[in-house]
Amino acid sequence: MRKKVIIDCDPGIDDSLAIMLALSCDQIEVLGITIVCGNSPTEMGAGNAAKVLRQMNRLDIPIFTGERTPLKRDYVNALDTHGADGLGESFLEPVENFSFHTDAVSFLEETILNTHCSVIALGPMTNLARLIQKNPAAFAAIDELVSMGGAFKSHGNCSPVAEYNYWADPDAAALVYETASRQKRLIHMVGLDVTRQIVLTPDLISYLKRLDSKTGSFVEAITKFYLDFHWEWEHMIGCVINDPLAVAYFADHSLCSGFDAYTAVETGGISIGQTVVDSMNFYKKESNSVVLTQTDPVRFFTFFFSHLLNKTPDELDLLSDMVRSPKQVRVNS
């Protein structure tokens, strides 16, 4: 059976790749896309999601705009990372005659309560926090919650200790994890410990174009800015694509492994947004998260390419030799 899911996101380059993967997976049925402010402002993110749907010939999928500001802190976008248009400065034409819906929180509430479905959260968790404030029972009814966010032992990507999605709205993330703890449920935390192992290199993009010119050219257009950003800031020949791993893990849990633990999110001070993972059980609290720490980049890219291009793994004969680890693509400054 296909797993029904709502994708809550802030497109964003890697969000867009994740949407492409989700729509290509025969294991997943996307019921709708809800947008939150994060990488890009909400309206920009909604427009970018529509561009991806057009690329995938799936304009039947509804898009709902959600929260435009974090719960408490000032909104800080990530357009420095994702480009002025939020989509790698590809400046693709907007989708004409597309009807965007409003009130993402109500869509989440009604769909979750009336359908057995899960949520993949690829951005800040503001929409989910508002859902909790409006109707905690709806949050409790989510089949499975996968969140791309946080970090265990890996360093942060917007501070020494914080990953962007949780840093951008730490109060929302804290509320979601606290609620999961009260409701005795687990959040699947696909954090930087595993996503940093997923590096899309120029060679992989070139291979993608050779296999499918249309798809490869689209991926190339939206990731060039991202590649340049990673080179400037991390001296990396490639870019870390965080969000597609969360989708792949949702479809196939064997792609990542980790451990259950109690996790809390810091909401202030120098470590704002940090995920405090109690791996040693100091607090003696019941686990509220599955913290993913290990993945297999070759298996991921085989999954990603085979679904995106509708090819069997045997047809991707060059792929395993082209996948690189972060150490292999990072150059000393």
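Residues numbered from 1 in each chain as written. Predicted model: local features only at pLDDT ≥ 70, side-chain atom pairs only at ≥ 80, totals over all residues. Heavy atoms only, no water.

1. What to know about the environment of Val119
Among the structural elements, Val119 can be located in strand S4 (residues 118–121). Among the residues examined, Val119 registers a relative accessible area of 0% and is labelled buried. For the pair Val119 and Val30, spaced 89 residues apart in sequence, the C-alpha to C-alpha distance is 9.7 Å. Excluding its chain neighbours within four sequence positions, the residues that come into contact with Val119 are Val5, Ile6, Asp8, Leu108, Ile112, Leu128, Ile142, Glu144, Leu145 and Val146. (Helix = DSSP H or I, 4+ residues; strand = E, 2+ residues; numbered from the N terminus. Buried < 20%, exposed > 50% of the residue type's maximum accessible area, 1.4 Å probe, protein only. Contact = heavy atoms within 4.5 Å.)

2. Some thoughts on the pattern of salt bridges
For the structure on display, the rule yields 10 salt bridges. Lys3 serves as the salt-bridge partner of Glu144, at 3.6 Å between the closest nitrogen and oxygen. Residue Glu144 is located in the loop between helix H6 (136–140) and strand S5 (145–148), and its partner Lys3 is located in strand S1 (residues 3–9); the two are separated by 141 residues in the primary sequence. Put simply, Asp60 and Arg58 hold a salt bridge, and the shortest N to O gap is 2.9 Å. Classification of Arg58 as partly exposed rests on a relative accessible area of 27%. (Salt bridge = Lys/Arg side-chain N within 4 Å of Asp/Glu carboxyl O.)

3. Considering the pairing of strand S9 (residues 256–265)
On a regular strand, each side chain points to the face opposite its neighbour's, so the side chains alternate between the two faces of the sheet. In this sheet, strand S11 (residues 289–295) lies alongside S9 in antiparallel orientation, the contact comprising six bridges. Of the residues in S11, the one forming a bridge with Asp260 is Val290. In terms of strand pairing, S9 meets strand S10 (residues 275–278) through four bridges, oriented antiparallel. Residue Thr263 lies in a different strand from S10, and its bridge partner there is Val277. (Pairing = 2+ DSSP bridges.)

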